[in-house]
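One-letter residues, chain by chain:
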Amino acid sequence: LAPSLPLQEDFVYHWKAITHYYIETSDDKAPVTDTNIPSHLEQMLDILVQEENERESGETGPCMEYLLHHKILETLYTLGKADCPPGMKQQVLAFYTKLLGRIRQPLLPHINVHRPVQKLIRLCGEVLATPTENEEIQFLCIVCAKLKQDPYLVNFFLENKLKAMALQGSASVITEDMIKDHESMTTDTGQPEETPGAAGAEHMEKEDELPQQAEELSFSLDELNVTSSPESSTACPNQDYNLVNSLLNLTKSPDGRIAVKACEGLMLLVSLPEPAAAKCLTQSTCLCELLTDRLATLYKALPQSLDPLDIETVEAINWGLDSYSHKEDASAFPGKRALISFLSWFDYCDQLIKEAQKTTAVAMAKAVRERFFIDVMEPQLMQTSEIGILTSTALLHRIVRQVTSDVLLQELVYFILGEHREPETLADINRHPLRHRLIEHCDHISDEISIMTLRMFEHLLQKPNEHILYNLVLRNLEERNYMEYKPPCQEDKDVVENGQIAGAVDLEEDPLFTDLSPDNILSAQEWLSASPPVSPEHPKNDGKTEVHKIVNSFLCLVPDEAKSSYHVEGTGYDTYLRDAHRQFRDYCVICLRWEWPGSPRSLEKCNLEASFFEGHFLKVLFERMGRILDQPYDVNLQVTSVLSKLSLFPHPHIHEYLLDPYVNLASGCKSLFSVIVRVVGDLMVRIQRIPDFTPKLLLVRKRLLGLEPEGPIIDHMTLLEGVIVLEEFCKELAAIAFVKYHTSATP
């Protein structure tokens, strides 16, 4: 079939009309909207779309051939750069955008398309708040979308500056065969070598009667091709990624919508799987610097003191919707605008790293750790001002909760805890100063700081990262050297001796109780009398203590006269069972990938001679637990909450150390059970000194539950509240032990 000439004639007519305007017009001050240029460009686009619709897919029609052959995009670029007549740059950007968006066949592989596109990219973002910003971002985003469809095309946009001059002369159309061979043809820098085609000579012919002025403009621009922004040239002299540089400039736009679109464009680019692009992105652009510098700037703009509750409750932040209006906000507080800006930018960095190609993600996350966490946040967390510590810890807590990218989470964890994995010793607990300081803050003189830091650790423990629990707890339990090793032949002696449970902690023999006078202590038989008789098969072959004995050990820890829950409805043990079941299931899902063993390491392989240290974290938690009768209710709730979260982890050593009261502890070792036993011993002594202990206890419980109105102050309030928390905590531990046992028993 002969080509339909009318279409091509029409197309050429419109293009000639545009070129003639420049020859015939002397008034170059009149805006482009007063001329026919916009309508001619629109007609040309319509013709190209119509032509493509009339032909088979993939076939290039005569109008498109004309556009490519006569380098119309190059000429338009030159006119746009000169912005002649005024407003022409907008028209050119819109033409490029519509051309790339509306034509289905791949245009970017053609050198007469991607070279002018590359040049036009450089004009974008040069000046902020220009009238063309909207068209610039539309154009850049359509280029990003095209690259997302065909990621290999990105190699045309990694400019090799050293070769730019040489490549200037070779004009060619890249054939489909070349695209197929593209992998083998990329040079070291990932820049496809462009080979001059046979049509090269024809392409060099003079543009249709274009005036000399436009020709000169074109040449002066070609020289510019070799220059680059000073920012990126300092980073790497060989390559430029102007698409990224232009988008980075536009993220600074005062117009929020433009900035968000630029951020979306970057999101598309970082996710491209091309290794050359990833390398160029991290080494030759200022992407990492932009992310971290803006994080630092926004963090430093926050008020010195913010209410931790405000930091925690400010609504979930989505980076693309940072449109906060102070006037419309009923719950406004000083610094809310700054806080939302910081959190939304952090969310953007997190999402960007989550979407990014692996090497790009790692480079960006490392930059955030070095240039933001360490340089900006660490000094704030290490300061001595209580207000400063509280605000910075609350912000750290918010970041821990908010982070979703695995790569960024890894860097955050290394920042907080360090990378050490060998067992701790008392002498070296200060090896990672920030970790040491934060754990010390769990036992700070300020209850607010203690609670905030404990909450931060509680949320950290729920993050899907194996290093967190290993660094804080597991590395110290690896050798099971908290146990006293008894040869297997001891089995028969484990039966009840003198009516007492073997292996259970006897208060009188517990090394922690040497400071209590024997007269004041109730014997272990008295307060464990409610537990069922011990069956002779106590240590089963798998080393697991029977679950009903563990459950009863915890439930019977608190003596009857100190219990108050059975007087109040709805405070039974079953609610804890339901919670424990749900939480344990969640923890199992998190820990599945970590391939933990199903049973404890065999004692023969353990170094039981090594001296045991539970680690700084458990040491501080046990110390706080030991003071449960003397510290505020809120602190107690938080300490027990962290300990119950720890005991939920499905690791056999954690289960054995935190939840098995029958473990034969090595001398001088503490366990969670031994700490609670000691608290109970202290409680028994103190109960004797308080008249009407049980009625007072019941009244406090009802007040805490809101069943009784607040009345006159009761004596020993802290102690009574502590007893209630202790009783509830023992029920919670019993429920966790029960659920863990039954889950592991039923496959």
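Residues numbered from 1 in each chain as written. Predicted model: local features only at pLDDT ≥ 70, side-chain atom pairs only at ≥ 80, totals over all residues. Heavy atoms only, no water.

**Q** I'd like a description of the overall build of the chain, backed by residues and values.
**A** Helix and strand content of the chain: 34 helices and 2 strands. Burial statistics for the chain: of 747 residues in total, 55% are counted as buried. Relative to all contacts within the chain whose residues are 6 or more apart in sequence, the contacts with residues 24 or more apart total 79%. As presented, the chain carries roughly 33100 Å² of accessible surface, and 53% of it is formed by carbon and sulfur atoms. (Helix = DSSP H or I, 4+ residues; strand = E, 2+ residues; numbered from the N terminus. Buried < 20%, exposed > 50% of the residue type's maximum accessible area, 1.4 Å probe, protein only. Contact = heavy atoms within 4.5 Å. Areas by Shrake-Rupley, 256 points an atom, 1.4 Å probe, with all protein chains shown as cover.)

**Q** Let's hear about the packing of helix α21 (residues 386-402) against helix α24 (residues 447-461): which residues, and what values?
**A** Packing of α21 against α24 leaves a shortest axis separation of 9 Å and a crossing angle of 15°. By the angle between their directions, the pair α21 and α24 is classed as roughly parallel. In this structure, the crossing between α21 and α24 has a hand that is left-handed. Contact residues: E386, I389, L390, T393, A394, L396, H397, V400 and R401 in α21; E448, I449, M452, T453, R455, M456, H459 and L460 in α24. Residues of the contact of α21 with α24, tallied by class, amount to 9 nonpolar, 4 polar and 4 charged. (Axes fitted to C-alpha atoms, helices over the stretch in contact; angles between N-to-C directions. Parallel < 35°, antiparallel > 145°, perpendicular 65-115°, else oblique. Left-handed = near helix turned anticlockwise from the far one by under 90°. Nonpolar A, V, L, I, M, F, W, Y, C, P; charged D, E, K, R; others polar.)

**Q** I'd love a proper account of the packing of α24 against helix α29 (residues 616-626), names of residues and values included.
**A** Direction vectors running N to C along α24 and α29 enclose 130°, while the axes themselves pass 13 Å from each other. When the interaxial angle is binned, α24 and α29 end up oblique. Of the two elements, α24 crosses α29, and the hand of that crossing is left-handed. In contact with D447, S450, L454, F457 and L461 of α24, α29 contributes F617, L621 and R624. Counted by class, the contact of α24 with α29 contains 5 nonpolar, 1 polar and 2 charged residues.

**Q** Would you mind going over the environment of L592 in detail, with residue names and values included?
**A** Relative to the helices and strands, L592 resides in the loop between α28 (574-591) and α29. Sequence separation between L592 and P650 is 58 residues, and the spatial gap between their C-alpha atoms is 9.4 Å.

**Q** Can you lay out unusual backbone geometry for me, pointing to particular residues and giving the numbers?
**A** The linkage connecting C84 with the following residue, P85, adopts the cis geometry, with an omega of -10°. The residue P85 is located in the loop between α4 (72-82) and α5 (88-102) in this model. The backbone phi angle of R480 is positive, close to 55°, even though this residue is not glycine. Of note, R480 is situated in the loop between α25 (466-477) and α26 (524-527). Note on R480: relative accessible area 8%, which makes it buried.

**Q** Account for a negative patch on the surface, with residues named and values stated.
**A** A cluster of acidic residues, D307, D447, E448 and D634, forms a negative patch on the protein surface. The residue D307 is located in the loop between α17 (287-300) and α18 (308-313) in this model. Residue classification places D307 among the partly exposed positions, given a relative accessible area of 42%. (Patch = residues over 30% accessible without salt bridge, like charges linked within 9 Å, V, L, I, M, F, W, Y side chains within 5 Å. Salt bridge = Lys/Arg side-chain N within 4 Å of Asp/Glu carboxyl O. Lys, Arg positive; Asp, Glu negative; His and termini not counted. Charge placed at Lys NZ, Arg CZ, Asp CG, Glu CD.)

**Q** Which residues make up the pattern of salt bridges, and what are the values?
**A** Applying the stated rule across the entire model yields 30 salt bridges. For D443, the salt bridge goes to R624, with nearest N and O atoms at 3.6 Å. One end of the pair, D443, is in the loop between α23 (433-441) and α24; the other, R624, is in helix α29, and 181 residues separate them in sequence. Residue classification places D443 among the partly exposed residues on the basis of a relative accessible area of 26%. Its salt-bridge partner being K731, residue E728 comes within 3.1 Å of it at the nearest N-O pair.

**Q** Quick rundown of the nonpolar core? Include the residues and the values.
**A** Formed by 219 residues in total, the largest nonpolar core has its most connected members in F139, Y241 and F372. Ignoring sequence-local partners within four residues, the contact set of F372 consists of L295, A296, Y299, F342, A367, M377 and I399. (Core = buried A, V, L, I, M, F, W, Y, C linked by side-chain atoms within 4.5 Å.)

**Q** Give a detailed account of the packing of aromatic side chains, specifying residues and quantitative values.
**A** A complete count under the given rule lists 18 aromatic pairs for this structure. The interplanar angle of 45° and the centroid separation of 5.8 Å between the aromatic rings of F342 and F372 together place this pair among those described as tilted. Of this pair, F342 sits in helix α19 (residues 336-355) while F372 sits in helix α20 (residues 358-381), placing them 30 residues apart in sequence. Like F342, the residue F372 is buried in the burial classification. Judged by centre distance (5.7 Å) and plane angle (50°), the rings of F372 and F373 are tilted. (Phe/Tyr/Trp six-rings, centres within 6.5 Å; stacked < 30°, edge-to-face > 60°.)

**Q** So what's going on with helix α33 (residues 693-704)? Residues and values would help.
**A** An ideal rise of 1.5 Å per residue puts 16 Å on 12 residues; α33 measures up with 17 Å between its terminal C-alpha atoms. G706 occupies a position one or two residues after α33 and carries a positive phi of about 80°. (Expected span 1.5 Å × (residues − 1).)

**Q** How would you sum up the confidence of the model for the chain? Please name residues and give values.
**A** The pLDDT averaged across the chain works out to 82; a share of 79% of its residues lies at or above 70. Scored below 50 in pLDDT, residues 162-238 makes 122 contacts in the model with residues more than four places away or belonging to other chains. This model gives residues 490-543 a pLDDT under 50, and the stretch forms 67 contacts once residues within four places in sequence are excluded. (pLDDT = per-residue confidence, 0-100.)

**Q** Describe the environment of P334, with residues and values.
**A** Inspection of the secondary structure assignment puts P334 in the loop between α18 and α19. On the basis of relative accessible area, P334 is assigned to the exposed category, the value being 72%. Each C-alpha atom, one on P334 and one on L302, is 9.5 Å from the other, the two residues being 32 residues apart in sequence. Beyond its immediate chain neighbours, meaning those up to four positions away, P334 contacts P303 and L306.

**Q** Before we move on, could you go through the environment of R701 and cite the residues and values that matter?
**A** Relative to the elements of secondary structure, R701 occurs in helix α33. Assessed through its relative accessible area of 3%, R701 is described here as buried. Residues R701 and S565 lie 136 residues apart in sequence; the distance between their C-alpha atoms is 8.0 Å.

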